[in-house]
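# Structural features, examined
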Amino acid sequence: TPGAIDLQRGVTPLREDAIFFHNAILLPIITLICLLVLGLLIWVVVRYNKRANPIPAKFSHNTTIEVIWTLLPVLILVFIAIFSFKLLFAYHDMPKPDLTVKATGYQWYWGYEYPDQNVSEFVSNMLPEDEAKAKNLPYRLAATEPMVVPVNKTVRVLVTGADVIHAFGIPSFGVLIDAIPGRVNETWFKADRV
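All of these numbers come straight from a predicted model, not from anything done at the bench. (Residues numbered from 1 in each chain as written. Predicted model: local features only at pLDDT ≥ 70, side-chain atom pairs only at ≥ 80, totals over all residues. Heavy atoms only, no water.)

### Quick look at the packing of aromatic side chains
Applying the stated rule across the entire model yields eight aromatic pairs. Plain terms: the ring middles of Tyr 114 and Phe 122 are 6.1 Å apart, the flat faces sit at 10 degrees to each other, and that makes the pair stacked. Its relative accessible area of 10% is what places Tyr 114 among the buried residues. Chaining the aromatic ring pairs together yields one cluster made of Tyr 112, Tyr 114 and Phe 122. (Phe/Tyr/Trp six-rings, centres within 6.5 Å; stacked < 30°, edge-to-face > 60°. Buried < 20%, exposed > 50% of the residue type's maximum accessible area, 1.4 Å probe, protein only.)

Below you can see the structure in the form of structure tokens.
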């Protein structure tokens, strides 16, 4: 989105949950941690420099502080894990699919096939720059034969590679999976709007 600093808008409920997890859980936690570390660094530089503290202390341990800085990160990670595992399990809990698409990664292009509808593989290349501009489509994001799926239907995607490892990713759907030759990986999505 031009001028935006947020993540790309999602079109699936799982992507919206992932954006919420990032914006409402992870960003506030990392912001607070960064501010705490910055505050501690400034306090140490001001309070314990040679001018302000000419005679250094002789002690080296503080049990209370050591327990806090060991226990606090563990509690933060457990808090993050609660939301993270919920999202991870939702991504792997695929409902009964309405449509199956087999995506095969080739060098510089993709092949798509719809086995449930007996549609054999068709090739999808990147749309040349002049054609993309003529059709008012974003260059390097437009395809000659785009994969088309229905809205409000569960789509299972079987992903494989024909030659080298590829990455099958649709950011607005919250889908990213590797296409590995000799192996079929599975992912799914359910787009709730065009």
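### A few points about the sheet that holds strand S2 (residues 109–114)
Ordered in space as S3-S2-S1-S4-S7, the five strands form an open sheet in which the pairing is mixed. The open sheet terminates on both sides in strands that have one partner only, identified here as strand S3 (119–125) and strand S7 (185–189). Recorded for the sheet is a direction-independent mean angle of 25 degrees between the axes of neighbouring strands. Examined bridge by bridge, strand S1 (residues 99–106) and S2 share five bridges and lie antiparallel to one another. Bridge pairing in S2 links Ala 103 to Tyr 112. (Pairing = 2+ DSSP bridges. Helix = DSSP H or I, 4+ residues; strand = E, 2+ residues; numbered from the N terminus. Axes fitted to C-alpha atoms, helices over the stretch in contact; angles between N-to-C directions.)

### Brief notes about the pairing of S7
Residues in a regular strand point their side chains to alternate faces of the sheet. For S7, the buried fraction is high: four of the five residues fall into the buried class. Sheet topology places strand S4 (residues 155–161) next to S7; five bridges connect them, and they run antiparallel. Across the sheet, Arg 156 pairs through a bridge with Trp 188, a residue of S7.

### Quick notes on the environment of Tyr 106
Considering the arrangement of structural elements, one finds Tyr 106 in strand S1. Residues Tyr 106 and Glu 186 lie 80 residues apart in sequence; the distance between their C-alpha atoms is 17 Å. Contact partners of Tyr 106, with chain neighbours within four places excluded, come to Gly 111, Glu 121, Ala 162, Asp 163 and His 166. (Contact = heavy atoms within 4.5 Å.)

### A short note on the packing of helix H1 (residues 13–47) against helix H2 (residues 63–92)
Running from N to C, H1 and H2 point in directions that differ by 170 degrees, and their axes come no closer than 11 Å. One finds that H1 runs roughly antiparallel with respect to H2. When you trace H1 past H2, the crossing you get is left-handed. Seen from H1, the contacting residues are Leu 14, Arg 15, Asp 17, Ala 18, Phe 21, Ile 25, Leu 26, Ile 29 and Ile 33; seen from H2, they are Ile 76, Phe 79, Ile 80, Phe 83, Ser 84, Leu 87, Ala 90 and Tyr 91. Per-class residue counts for the contact of H1 with H2 are 14 nonpolar, one polar and two charged. (Parallel < 35°, antiparallel > 145°, perpendicular 65-115°, else oblique. Left-handed = near helix turned anticlockwise from the far one by under 90°. Nonpolar A, V, L, I, M, F, W, Y, C, P; charged D, E, K, R; others polar.)

### Notes on the pattern of salt bridges
Under the criterion given, the structure shown has four salt bridges. Where Arg 193 meets Glu 16, a salt bridge forms, and the shortest distance between an N and an O atom there is 3.1 Å. Residue Arg 193 is found in the segment after S7, and its partner Glu 16 is found in helix H1; the two are separated by 177 residues along the sequence. Note on Arg 193: relative accessible area 26%, which makes it partly exposed. One salt bridge in this structure joins Lys 133 and Glu 129, with 3.4 Å as the shortest N-O distance. (Salt bridge = Lys/Arg side-chain N within 4 Å of Asp/Glu carboxyl O.)

### Let's talk about the pairing of strand S5 (residues 166–170)
Alternating positions in S5 separate cleanly, His 166, Phe 168 and Ile 170 being buried on one face and Ala 167 and Gly 169 remaining unburied on the opposite face. Pairing of S5 with strand S6 (residues 175–179), which is carried by five bridges, proceeds in the antiparallel orientation. Looking at the pairing, Ala 167 lines up with Asp 178 of S6. The loop that links S5 with its antiparallel partner S6 comprises four residues; one of these, Gly 174, has a positive phi angle of about 75 degrees.

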